[in-house]
Amino acid sequence: MRLLIMGPPGAGKGTQATAVAEHFGIPAISTGDIFRANVGQGTPLGVEAKRYMDAGEYVPDEVTNNMVRSRIAESDAGAGFLLDGYPRTLAQVTELDSMIQATGHQLDAVLVLTVDQEAVVTRLLKRAEIEGRADDTEDVIRRRLEVYAAETEPLIAVYGGRGLVVSVDGMGEIADVQQRIFAALDDVPES
């Protein structure tokens, strides 16, 4: 199964991605986690990515594309994967299409978690407090939501035009959202 999970920052993508990946026996690949790990380790990628992340902006496509290409080429992603945080721009959609086509497969579904924006702001502020995320101030959160709406949300229409979008209400208890996701995805045919 080759899946994307989409939704605004704070929609619960990371939480749900882990469960969905386990359910289908595929790796959950989060660009945000990879960026944060590089920032924490002080790698050149991390230093470059941190500048953008601290401002609530997206890391440039070239850096992100290379990272994703390398990751989905690893052996554990041979039977499929779930991408969280990629693609975020139309240019990245084109790149991902070529990456997947090179494997002889296609994207199976795009899971979109729908949420209330103000609930997301509250959720992210709480997460920032608990996890000590310096990049989750209210101003940065609102900027990230604006960037998502302008740059990433249009991708949902692109994938919708391909008949790949599976929308699921992301509000409520984690287990309830999970059940809605499994019910929606269990009928999706694999490439």
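Data block above holds the structure.
Cut-offs and rules
- Residues numbered from 1 in each chain as written.
- Predicted model: local features only at pLDDT ≥ 70, side-chain atom pairs only at ≥ 80, totals over all residues.
- Heavy atoms only, no water.
- Buried < 20%, exposed > 50% of the residue type's maximum accessible area, 1.4 Å probe, protein only.
- Helix = DSSP H or I, 4+ residues; strand = E, 2+ residues; numbered from the N terminus.
- Arc of directions from axis to C-beta.
- Contact = heavy atoms within 4.5 Å.
- Pairing = 2+ DSSP bridges.
- Axes fitted to C-alpha atoms, helices over the stretch in contact; angles between N-to-C directions.

Visitor: Which residues make up helix H2 (residues 31–41), and what values go with them?
Guide: Of all the residues in H2, the buried ones are Thr31, Gly32, Phe35 and Asn38. The arc enclosing the buried residues of H2, seen along the axis, measures out at 130 degrees, which places them on a common side. In H2, the exposed residues that point more than 90 degrees away from the buried face are Gly40 and Gln41. Lining the buried residues of H2 we find strand S2 (28–30), helix H3 (44–54), helix H4 (61–72) and strand S3 (81–84). Trailing H2 by a residue or two, Gly42 shows a phi angle of about 70 degrees, which is positive.

Visitor: Go over the environment of Gly80, please, and point to the residues and values.
Guide: Here Gly80 lies in the loop between H4 and S3. With relative accessibility at 0%, the residue Gly80 sits in the buried group. When sequence neighbours within four positions are dropped, the list of residues in contact with Gly80 reads Met1, Arg2, Ile26 and Pro27.

Visitor: Residue-level account of the sheet that holds strand S1 (residues 2–6), with values.
Guide: Spatial strand order, S2-S3-S1-S4-S5: five strands in an open sheet with parallel pairing. Of all strands in the sheet, those with a lone pairing partner are S2 and strand S5 (165–169), marking the two edges. Neighbour-to-neighbour, the strand axes of the sheet open up by a mean angle of 25 degrees, direction not taken into account. Taken together, the three bridges between S2 and S3 define a ladder with parallel strand orientation. Paired with Ile29 across the two strands is Leu83, which belongs to S3. The strands that helix H8 (residues 174–185) touches are S1, strand S4 (109–114) and S5; relative to S5, the one it contacts most, it runs at about 155 degrees.

By themselves, these observations are geometric and do not establish any function.
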